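Topology and contacts: notes
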Amino acid sequence: MKRCAILISGGGSNMVALAESMTGDHPARPCLVLSNVPGAGGLAKAEAMGIPTAVADHRDYKGDREGFEAKLIETIDAHNPDLIAMAGFMRILTPLFINHYAGRMLNIHPSLLPKYKGLNTHQRAIDAGDSQAGCSVHEVTSELDGGPILGQARVPILPGDDADTLAARVLPMEHRLYPVVLRAFASGDKTRIDLDG
Ligand code: GRF
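Residues numbered from 1 in each chain as written. Predicted model: local features only at pLDDT ≥ 70, side-chain atom pairs only at ≥ 80, totals over all residues. Heavy atoms only, no water.

The local shell around the ligand consists of G11, G12, S13, N14, G88, I108, P110, L171 and E174. Within the backbone of N14, one N or O atom sits 2.8 Å away from an oxygen atom of the ligand. Here the ligand has 360 Å² of accessible area as a free molecule, and 78% of this is covered by the chains. Contributions of two or more residues to the shell around the ligand are made by helix 1 (13-21) and helix 6 (163-186). Of the residues belonging to the shell around the ligand, the class tally is three nonpolar, five polar and one charged. Formed jointly, the shell around the ligand draws a minimum of three residues from each of two domains, domain 1 (1-102) and domain 2 (107-197). (Near = heavy atom within 4 Å. Polar contact = N/O pair within 3.5 Å; in protein donor to acceptor, adjacent residues only side chain to side chain. Areas by Shrake-Rupley, 256 points an atom, 1.4 Å probe, with all protein chains shown as cover. Helix = DSSP H or I, 4+ residues; strand = E, 2+ residues; numbered from the N terminus. Nonpolar A, V, L, I, M, F, W, Y, C, P; charged D, E, K, R; others polar. Domains from an automatic or database assignment.)

The next thing to look at is the environment of A56. Inspection of the secondary structure assignment puts A56 in the loop between strand 3 (53-55) and helix 3 (65-77). For A56, a relative accessible area of 1% gives the class buried. Taking the C-alpha atoms as reference points, A56 and N99, 43 residues apart in sequence, are found 19 Å from one another. (Buried < 20%, exposed > 50% of the residue type's maximum accessible area, 1.4 Å probe, protein only.)

Evaluation of the coordinates by the stated rule reveals seven salt bridges. Residue R59 pairs with D57 through a salt bridge whose shortest N-O separation is 3.0 Å. Relative accessible area serves as the criterion here: at 11%, D57 is assigned to the buried category. A salt bridge links E143 to K117; the shortest N-O distance between them is 2.7 Å. Placement of the pair is E143 in the loop between strand 6 (132-139) and strand 7 (149-156) and K117 in the loop between strand 5 (105-109) and helix 5 (121-127), with a sequence separation of 26 residues. (Salt bridge = Lys/Arg side-chain N within 4 Å of Asp/Glu carboxyl O.)

Turning our attention to the nonpolar core. Counting residues in hydrophobic clusters, the biggest one holds 38 residues, and the most contacted among them are I6, M15, L18, L177 and Y178. Per-element tally for this core: the top contributor is helix 6, with ten residues. Of the domains in this structure, domain 1 (1-102) and domain 2 (107-197) are the two that each give at least three residues to this core. In this view, L177 contacts C135, S136, V137, G151, Q152, A153, I193 and L195; residues no more than four positions away in its chain are not counted. Counting residues in hydrophobic clusters, the runner-up holds 20 residues, among them C31, A56, I84 and F89. (Core = buried A, V, L, I, M, F, W, Y, C linked by side-chain atoms within 4.5 Å. Contact = heavy atoms within 4.5 Å.)

Dropping the structure here:
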């Protein structure tokens, strides 16, 4: 059984979807939910699900990015994970952290990568006049939002959409996509998965 640590910064809706999927004959189970933000809403959800939680507060390491990442690694590795799933984790990580988990770390990004790496993805898709938006699950490499794409889910951009209405259409697709990609990845299957909303 593979052990999966999930990294969050906020509400953790993707974490909940992942944790709820890891049951029965699923080859992985959640072993930790870690937040860089004390009191993040996802921590209470994880505790309610009986999942161990931890906090590594980046504000304790102002300007010391390596010190923060060393603390992250120490905290995460105390739970012996085989896999790391970043799910709404909003800190940019250096090669020190990424290389430590090379080949076993995933992230979900709310755009159809390689378009719109970084922030404000939905507004940028609307401003560009795109007809579709969506989310991508990718392996994490030192290139921000740039690793091999393992799955994507698409939704239409509708007339009158703003960033909030589009985000609300994408988020449920994140909750469908990420669990199926994680399960395949945990089984050693990297066949690309595409969903259409
Ligand atoms: C989601 O849009 C996710 O794609 C992004 O953070 C948002 C909130 O995620 N990374 P969650 O509800 O904290 O899982």
